[in-house]
Amino acid sequence: MSAGENATLTAAVVGASGFAGGELCRLLTGHPNFELVQATSREYENKTLGYVHPNLRGVDVRFSSPDDLDSVDVLFASTPHGVSMEHIDAFRDAAGTVVDLSADFRLSEEADYDEWYDGHVAPEHLADAAYALPELGREKLEGADLIASGGCNATATMLALKPLVDSGVITPDDQVVADLKVGSSEGGAGGGAASSHPERSGVVRPYAPTGHRHEAEIKQELGLSLSFTVHAVDMTRGAAATCHAFPSERVTTGDLWGAYREAYDDEPFVRLVAGGGGVYRYPEPKAVAGTNHAEVGFELDPENGRVVAFSAIDNVMKGAAGQAVHAANVALGLEETAGLEFQGLHPVGSP
């Protein structure tokens, strides 16, 4: 479906009471082409959006039951893993375009869900799904009617490493180690005891030392098998990736500048931040909080034959809601940056 840049489209958000769901509602109500007509929540049915999301108190929309879906142009599903695959037929019946923010359609092979998740109950839809990290390639998103928005940690990691892969600085045979530091909002609105303030405050806690599920996306989309570790840290929004790559061939700082500029000079949401002046010399989650922007950067360690690649995103925005809206813009032929122009704030508190 291609709507054109001046179209007005109806939109629904399923799972609108969560953090990413709330951000979707915020973005859609400020989007020049979307009219938010439905936001669903079983727990808060008939409550206003502002009851859960205080920044949306001025929005005249109430939560409704997900069992009664309106017919809309675009449905955004912001539900926990496993929900969308159970209800995908209903979602596709209700909307011409479905954008799913869970992991349910990110992997193209049913066998990968057996390996990384708990299987898949609707594998017949996997071939229809377009993986959404627009910076990896827009062609597969154009006109797509089932979009699988990429995972936040995978997004941060792939944005850091993509220029090295595209330029041939690293190959699938080279060693790559990715270390992620992530905020508490990754645990979702119902994150449980580990996400409660007394337990989360002040920590640098490894919670996925090995075997993180987002590795599967990175292998599928970049062709890399890498070592991947995730830490929970004391911030609310943000995912920061520090990736250590060990190329088999010698590389120079000039090679790296060329690779990153080639990859991102024309990208509207990627900022190259690589050791300049000032306080924020490398990618920093605080600098992109609330935005759909990503910061990427690098440093060369010639003595050890190592390239350190960095990225920083807001996990709820570039890692979820913002990326979903960006992908929908591309799929529907809208202005790519529509509804996503916010540049962030400075100074700002903890992301």
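Here, the structure is the one placed above.
Residue positions are given per chain, counting from 1 as you read along its sequence in written order. For this predicted model, a pLDDT threshold of at least 70 governs which residues receive local features, and a threshold of 80 or more governs which side-chain atom pairs are given and counted, while totals over whole chains, interfaces and linings are taken from all residues. For the side-chain quantities, the full set of heavy atoms in the structure was used; hydrogens and water were omitted.

(A) Molecular detail of the packing of helix H5 (residues 152–166) against helix H8 (residues 253–264). Axis definition: a line fitted to C-alpha atoms, limited for helices to the stretch in contact. Angles are taken between N-to-C directions and run from 0 to 180 degrees. The helix and strand labels rest on DSSP assignments: H or I over at least four residues marks a helix, E over at least two residues marks a strand, and numbering proceeds from the N terminus. Where H5 contacts H8, the axes come no closer than 8 Å and their chain directions differ by 115 degrees. With respect to the hand of their crossing, H5 and H8 are arranged in right-handed fashion. Counted together, Met-158, Leu-159, Ala-160, Lys-162, Pro-163 and Leu-164 of H5 and Leu-256, Ala-259, Tyr-260, Ala-263 and Tyr-264 of H8 form the full contact between these two elements. Each residue is assigned to one of three groups, with Ala, Val, Leu, Ile, Met, Phe, Trp, Tyr, Cys and Pro labelled nonpolar, Asp, Glu, Lys and Arg labelled charged, and all others, Gly among them, labelled polar. Taken together, the residues of the contact of H5 with H8 break down into 10 nonpolar, no polar and one charged. Note: crossing handedness is left-handed where the near helix turns anticlockwise from the far helix by less than a right angle, and right-handed where it turns clockwise. In this analysis, two residues are considered to be in contact whenever any of their non-hydrogen atoms come within 4.5 Å of each other.

(B) Spotlight on the packing of aromatic side chains. When two rings of Phe, Tyr or Trp (its six-membered ring) have centres within 6.5 Å they constitute a pair, described as stacked for plane angles under 30 degrees, edge-to-face for angles over 60, and tilted for the intermediate range. Summed over all chains, the structure comprises seven aromatic pairs. With a centroid separation of 6.1 Å and an interplanar angle of 80 degrees, the aromatic rings of Phe-34 and Phe-76 are classed as edge-to-face. On the criterion of sequence distance, the pair formed by Phe-34 in strand S2 (residues 34–40) and Phe-76 in strand S4 (residues 72–77) is long-range, its members being 42 residues apart. We note that Phe-34, like Phe-76, is buried. Ring plane angle 50 degrees and centroid distance 5.2 Å describe the contact between Tyr-282 and Phe-310, whose orientation is recorded as tilted. Exposure classes here rest on a 1.4 Å probe applied to the protein chains alone. A residue is buried below 20% of its type maximum, exposed above 50%, and partly exposed in between.

(C) The arrangement of the pairing of strand S10 (residues 227–233) in detail. Counting buried residues in S10 gives five out of seven residues, a clear majority hidden from the surface. DSSP bridges decide pairing: two strands pair if at least two such bridges lie between them. One ladder, built from six bridges, connects strand S8 (residues 175–182) with S10; its direction is parallel. For Leu-180, the partnering residue across the bridge sits in S10 and is Val-230. Where strand S9 (residues 204–208) lies against S10, four bridges are found, and the strand directions are antiparallel. Across the sheet, the residue bridging to Pro-206 is His-231, located in S10.

(D) Structural context of the pattern of salt bridges. By definition here, a salt bridge exists when the distance from a side-chain nitrogen of Lys or Arg to a carboxyl oxygen of Asp or Glu is within 4 Å. Throughout the structure, instances matching the rule amount to 15 salt bridges. The shortest N-O distance in the salt bridge between Arg-106 and Glu-217 comes to 3.1 Å. Taken together, the residues span a long stretch of sequence, with Arg-106 in the loop between strand S5 (95–100) and helix H4 (110–116) and Glu-217 in helix H7 (residues 214–222) at a distance of 111 residues. Residue classification places Arg-106 among the buried residues on the basis of a relative accessible area of 8%.

(E) Representation of a negative patch on the surface. Patch criteria: residues need more than 30% relative accessible area and no salt bridge. Like-charged residues are merged within 9 Å; nonpolar side chains of Val, Leu, Ile, Met, Phe, Trp and Tyr are merged within 5 Å. To measure how exposed things are, a 1.4 Å probe is used in the Shrake-Rupley method; for residues, cover is taken only from the protein chains shown. Note on charges: Lys and Arg go in the positive column, Asp and Glu in the negative column, and His and the chain ends are not counted at all. All charge positions are set by atom: Lys at NZ, Arg at CZ, Asp at CG, Glu at CD. Residues Asp-89, Asp-93, Glu-110, Asp-114 and Glu-124 make up a contiguous surface patch of negative charge. Along the chain, Glu-110 turns up in helix H4.

(F) Spotlight on the environment of Gly-223. Note that Gly-223 resides in the loop between H7 and S10. Distance from Gly-223 to Thr-171, taken between C-alpha atoms, is 8.6 Å for residues 52 residues apart in sequence. Non-local contacts of Gly-223, meaning those with residues more than four positions away in its chain, are made with Pro-172 and Ile-218.

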